[in-house]
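If you want the building blocks of each chain, they are given just below.
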Number of protein chains: 6
Amino acid sequence: MGGQMVEYEDASPEVRAVYDDIMATRKTDLINNFWKVLANHPPTLRRTWESIKEVMAPGALDPLTKEMVYLAVSATNNCKYCIASHTAAARKAGMTDEMLGELLAVVGMANETNRLANGYRVQVDERFKS
Amino acid sequence: MGGQMVEYEDASPEVRAVYDDIMATRKTDLINNFWKVLANHPPTLRRTWESIKEVMAPGALDPLTKEMVYLAVSATNNCKYCIASHTAAARKAGMTDEMLGELLAVVGMANETNRLANGYRVQVDERFKS
Amino acid sequence: MGGQMVEYEDASPEVRAVYDDIMATRKTDLINNFWKVLANHPPTLRRTWESIKEVMAPGALDPLTKEMVYLAVSATNNCKYCIASHTAAARKAGMTDEMLGELLAVVGMANETNRLANGYRVQVDERFKS
Amino acid sequence: MGGQMVEYEDASPEVRAVYDDIMATRKTDLINNFWKVLANHPPTLRRTWESIKEVMAPGALDPLTKEMVYLAVSATNNCKYCIASHTAAARKAGMTDEMLGELLAVVGMANETNRLANGYRVQVDERFKS
Amino acid sequence: MGGQMVEYEDASPEVRAVYDDIMATRKTDLINNFWKVLANHPPTLRRTWESIKEVMAPGALDPLTKEMVYLAVSATNNCKYCIASHTAAARKAGMTDEMLGELLAVVGMANETNRLANGYRVQVDERFKS
Amino acid sequence: MGGQMVEYEDASPEVRAVYDDIMATRKTDLINNFWKVLANHPPTLRRTWESIKEVMAPGALDPLTKEMVYLAVSATNNCKYCIASHTAAARKAGMTDEMLGELLAVVGMANETNRLANGYRVQVDERFKS
């Protein structure tokens with residue numbers, strides 16, 4: 001395992017069912033490496049896909065906003081795979097160069113002020129506690 | 001220092017100028033504890049405020065989206081102060097309970113899949129590299 | 001330095017003594033790159049090896065559990081080297097594909113719920129404080 | 001929201017169904033604050049509980065090992081709530097003081113060596129890549 | 001355990017020996033809570049103290065620089081206890097308010113640019129690889 | 001974008017002005033990849049450079065100490081680019097192999113004890129709170 005990918009033709013019916021649902025939901029015939037690797041542990045593949053499908057569906061937040069939040073977290077954690085795939089997904093959902101520029105500027109500032117607040121041990125304002 | 005706050009009446013003219021700009025920009029007469037503590041090092045107060053003012057201004061992304069991205073980073077880093085203050089700021093900018101619920105759901109999933117991608121050492125798909 | 005490796009034949013007696021102990025303890029004649037690089041600062045090589053040897057020895061927890069905990073931390077931190085070397089070590093200690101699958105599933109969920117608990121600012125239950 | 005808890009008597013049928021399942025599965029009549037706060041966003045409550053129930057069930061890894069891995073991640077991320085609740089859960093599953101001592105010793109060492117490997121930019125050994 | 005402290009009068013001879021060495025080395029009669037809690041697992045108390053004593057001793061870097069680096073890491077990780085204790089230790093070693101201000105400014109900027117470098121997936125310059 | 005670099009000959013006057021200032025300030029005719037990528041979003045390029053120039057200038061802390069703190073944060077966050085570039089910058093400012101060895105030893109220990117303090121939930125000593 002560890003990077004080894006399960007291709008469609010080698011997959012069990014359980015895994016194929018998830019792959020089919022991914023391709024149908026995303027209207028594509030490509031399966032990302034992420035899913036092909038998760039397929040080494042079918043319960044994790046199924047559970048993760050079902051959660052992602054539910055969480056990333058349009059709701060009170062639109063899909064573009066959700067993809068940008070995903071990218072913000074991935075850049076903060078430095079997950080190389082996730083940054084690459086969610087930059088692509090956010091672009092597909094409409095993110096322009098200018099929006100990416102502003103997004104990363106906010107991510108950068110948030111990471112800076114997070115450490116200033118921690119390092120100076122700033123007390124939470126009373127009005128923010130409620 | 002370390003938590004000690006510089007109040008307006010005790011502040012130097014340099015610090016007061018920043019406080020005045022914060023209050024004018026945000027249309028409030030309240031200065032958050034964060035700024036009062038940063039005032040212990042006036043160059044950091046000034047530089048951080050100027051960056052935040054520029055970065056958080058409306059642009060290709062609207063202020064609400066920026067506040068939610070800020071909150072997503074702060075929840076990922078577990079900066080207690082930042083979570084409290086940016087939850088309040090996002091609500092003021094229009095975030096509903098339903099939007100917060102979806103936002104944190106995405107943040108949670110991103111943190112989960114970041115570790116699955118890392119732990120399984122997933123290779124970046126060729127088409128995400130360009 | 002920064003990646004440069006100290007090979008056995010070029011090593012000082014102090015470094016060789018550590019290499020010898022590593023090979024004897026682990027019953028192998030291979031020295032991992034990690035140790036070869038640490039050898040650039042012999043006190044860190046010696047101290048780190050002695051700590052690892054003590055901490056990873058069987059005790060109240062068995063070596064496999066310890067290796068899996070090590071891997072869980074490394075996946076959370078996204079330390080590429082550590083994920084690779086401790087996945088190998090855990091497999092050598094008996095970790096199967098199924099166990100790795102469940103391990104990373106827990107790591108993923110823990111990283112997700114950590115952010116949900118942070119983001120919602122959940123108060124610690126009284127009964128968990130004692 | 002943000003810390004506000006949904007008690008059983010005020011909960012919707014959807015939320016009550018999850019609470020009932022938590023209490024039945026864990027053989028307790030106590031609902032942790034974590035779930036009471038997640039109940040502000042019922043889809044996240046349901047999805048998170050279902051994932052946790054599946055992931056933490058006994059499988060190739062026993063429940064105690066899983067709780068200790070959960071705690072290791074939470075200590076690494078400094079999630080105060082999660083450390084408190086999963087220390088309690090691990091103790092209930094059989095973790096002794098000695099086991100906790102060894103667990104945290106491994107967590108500490110892993111966090112140390114993660115940074116040594118990163119800081120020295122150690123290349124992954126060829127034999128760990130496969 | 002979990003926060004419970006082992007006081008000198010209740011400590012085993014093994015723990016007392018470490019406490020005695022801490023007090024002698026630091027020329028104080030106070031034992032920090034950190035050590036009193038580690039004393040629940042005596043091997044970790046001993047090993048951690050011996051490592052800290054060696055690592056923090058004056059060498060190619062002076063003790064003040066070392067304390068400031070410690071604080072920089074602790075602010076980045078948001079370890080509340082460590083920020084509080086190492087701010088105190090750095091002040092004792094000579095850190096002024098101005099130095100703390102500059103230190104946290106660097107820590108903040110480093111955390112910002114770390115995410116900009118990650119988020120934009122900047123390739124390492126050839127001349128930095130050697 | 002995402003890795004694409006803006007070379008001097010293709011840059012807008014706004015971007016060239018920043019590049020010119022970087023080369024003049026650092027007395028070099030090389031622009032690091034980091035700046036060439038930030039140039040995709042000129043306001044972030046300008047703002048980040050101005051902050052870095054101000055924060056890294058000699059003050060109460062000397063430039064070498066600042067570079068080592070930067071490196072300590074980057075190693076903790078595992079920002080590959082930042083570790084490579086700031087190791088080079090610190091060496092240029094006078095960091096020897098011995099100093100790097102001690103620096104990373106402190107970074108490693110800080111990351112270890114941060115988790116021990118978190119994992120054991122150590123209460124902050126009263127005298128560290130003021």
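This structure is a prediction, so every number in the text was calculated from the model and none was measured.

(A) Summary view of the interface of chain F and chain E. Taken residue by residue, the interface counts 63 residues in chain F and 63 residues in chain E. Summed over both sides, the interface between chain F and chain E buries roughly 5500 Å², with carbon and sulfur atoms accounting for 71% of that surface. In terms of surface lost to chain E, no three residues of chain F exceed Val106, Tyr120 and Phe128 of chain F, which account for 12% of the buried area on that side. Where chain F meets chain E, there are 4 salt bridges. Salt-bridge contacts for lysine 66 of chain E lead to glutamate 102 of chain F; the nearest nitrogen and oxygen are separated by 3.1 Å.

(B) View of the UniProt feature "domain: Carboxymuconolactone decarboxylase-like" (unreviewed entry) in chain A. Feature annotation in UniProt places "domain: Carboxymuconolactone decarboxylase-like" (unreviewed entry) on residues 46-121 of chain A, given in this structure's numbering. Helix makes up 82% of residues 46-121 of chain A and strand 0%, whereas the separation of the span's terminal C-alpha atoms amounts to 42 Å.

(C) Representation of the side chain of histidine 41 of chain E in the model. With respect to the helices and strands, the residue histidine 41 of chain E is situated in the loop between α2 (33-38) and α3 (42-56). Not counting residues up to four positions away in its chain, the partners in contact with histidine 41 of chain E are Glu98, Gly101 and Glu102 of chain D together with Tyr120 of chain F.

(D) Helix α5 (residues 80-92) of chain D, seen in detail. The terminal C-alpha atoms of α5 of chain D lie 19 Å apart, and with 13 residues this matches the ideal 18 Å at 1.5 Å per residue to within 8%. Looking one or two residues beyond α5 of chain D, the residue adopting positive phi is glycine 94 of chain D, at roughly 115°.

(E) Local environment of helix α1 (residues 13-26) of chain E. Residues and elements named next belong to chain E. Here α1 is 14 residues long and its end C-alpha atoms lie 20 Å apart, about the 20 Å a rise of 1.5 Å per residue gives. Turning to α1, its buried residues number three or more, namely Val15, Val18, Tyr19, Ile22 and Met23. The buried residues of α1 occupy one face: seen down the axis, they fall within an arc of 135°. In α1, the exposed residues that point more than 90 degrees away from the buried face are Pro13 and Ala24. Residues of α1 that are buried make contact with α2 and α3. Of the residues one or two after α1, lysine 27 is the one with positive phi, at around 50°.

(F) Region of interest: the interface of chain C and chain B. Taken together, the 21 residues of chain C in the interface contact 21 residues of chain B. Summed over both sides, the interface between chain C and chain B buries roughly 1800 Å², with carbon and sulfur atoms accounting for 60% of that surface. Summed over the three residues of chain C that lose the most area to chain B, namely Leu104, Arg115 and Arg121 of chain C, the buried surface amounts to 30% of that side. At the boundary of chain C and chain B, one finds 0 salt bridges. Summed over the shared surface of chain C and chain B, the number is 6 residue pairs in polar contact (both at pLDDT 80 or more). With 13 residues, the top contributor of residues to the side of chain C that touches chain B is helix α6 (residues 97-119) of chain C.

(G) Broad picture of the state of the cysteines. Residues and elements named next belong to chain E. Across all of its chains, the model carries 6 disulfides over all chains by this definition. Here cysteine 79 pairs with cysteine 82 through a disulfide, and the sulfurs are 2.2 Å apart. The chirality of the disulfide connecting cysteine 79 with cysteine 82 is right-handed, given an S-S dihedral of about 50°. Of the two residues examined, cysteine 79 and cysteine 82, each falls in the buried class.

(H) Region of the structure containing the packing of aromatic side chains. Counted by the stated rule, this structure contains 24 aromatic pairs over all chains. Summarising the aromatic geometry, the rings of phenylalanine 34 of chain F and tryptophan 35 of chain F are spaced 5.0 Å apart at their centres and angled 65° between planes, so their arrangement reads as edge-to-face. Like tryptophan 35 of chain F, phenylalanine 34 of chain F is buried. Three or more aromatic residues link up through ring pairs in this structure, and these residues are Phe34, Trp35, Trp49 and Tyr81 of chain A. Looking at arginine 127 of chain D, its charged tip hangs above the ring of phenylalanine 128 of chain D, at a distance of 4.8 Å from the centre.

(I) Up close: the relation of the copies chain C and chain B. Its rotation angle being 180°, the transformation that places chain C on chain B also includes 0.0 Å of axial translation and leaves an RMSD of 0.0 Å. What we have between these two chains is a two-fold relation. Considering only C-alpha atoms, the part of chain C nearest the rotation axis is glutamate 112 of chain C, at 2.4 Å. A shared interface surface links the copies, since 100% of the contact residues of chain C are contact residues in chain B too.

(J) Structural detail: the domain arrangement of chain A. All names here are of chain A. Here chain A is described as being made up of domain 1 (1-57) and domain 2 (59-130). Relative placement of domain 1 and domain 2: their C-alpha centres are 26 Å apart. Contacts between the two partners involve 7 residues from domain 1 and, on the opposite side, 6 residues from domain 2. When domain 1 packs against domain 2, the two sides together hide about 570 Å² of surface, and 57% of this comes from carbon and sulfur. Where domain 1 touches domain 2, the interface holds 0 salt bridges. In this assembly, domain 1 and domain 2 are joined by 4 residue pairs in polar contact (both at pLDDT 80 or more). When contributions to the side of domain 1 that touches domain 2 are tallied by element, the ones reaching two or more residues are α2 (33-38) and α3 (42-56). At 3 residues, the largest contribution of residues to the side of domain 1 that touches domain 2 is made by α3. Counted by class, the side of domain 1 that touches domain 2 contains 5 nonpolar, 2 polar and no charged residues.

(K) Structural context of the relation of the copies chain F and chain E. Least-squares fitting of chain F to chain E yields an RMSD of 0.0 Å, with the transformation described by 0.0 Å of translation along the axis and a rotation of 180°. A share of 100% of interface residues in chain F that are also interface residues in chain E marks the association as one of identical surfaces.

(L) Region of the structure containing the environment of threonine 96 of chain C. All names here are of chain C. The topology assignment puts threonine 96 in the loop between α5 (80-92) and α6. We classify threonine 96 as partly exposed; its relative accessible area is 37%. When the C-alpha atoms of threonine 96 and arginine 115 are compared, they prove to be 29 Å apart, with 19 residues separating the residues in sequence. In this structure the side chain of threonine 96 is engaged in a polar contact, spanning 3.1 Å, whose partner is the backbone nitrogen of methionine 99.

(M) Structural context of unusual backbone geometry. Residues and elements named next belong to chain B. In the Ramachandran plot, lysine 27 falls in the positive-phi region, its phi being about 50° despite a non-glycine side chain. In this structure lysine 27 comes out as exposed when scored by relative accessible area, which is 75%. Here arginine 121, not a glycine, exhibits a phi torsion of approximately 50°, which is positive. Mapped onto the elements of the fold, arginine 121 is located in the segment after α6 (97-119).

Conventions used here
Residues numbered from 1 in each chain as written. Chains lettered and ligands numbered in written order. Predicted model: local features only at pLDDT ≥ 70, side-chain atom pairs only at ≥ 80, totals over all residues. Heavy atoms only, no water. Contact = heavy atoms within 4.5 Å. Buried area = accessible area lost by both parts, 1.4 Å probe. Salt bridge = Lys/Arg side-chain N within 4 Å of Asp/Glu carboxyl O. UniProt positions renumbered as here; feature names shortened; annotations may be inferred. Helix = DSSP H or I, 4+ residues; strand = E, 2+ residues; numbered from the N terminus. Expected span 1.5 Å × (residues − 1). Buried < 20%, exposed > 50% of the residue type's maximum accessible area, 1.4 Å probe, protein only. Arc of directions from axis to C-beta. Polar contact = N/O pair within 3.5 Å; in protein donor to acceptor, adjacent residues only side chain to side chain. Disulfide = S-S within 2.5 Å. Phe/Tyr/Trp six-rings, centres within 6.5 Å; stacked < 30°, edge-to-face > 60°. Lys NZ or Arg CZ within 6 Å of the ring centre and 35° of its normal. Least-squares fit on C-alpha atoms with pLDDT ≥ 70 in both. Domains from an automatic or database assignment. Nonpolar A, V, L, I, M, F, W, Y, C, P; charged D, E, K, R; others polar.

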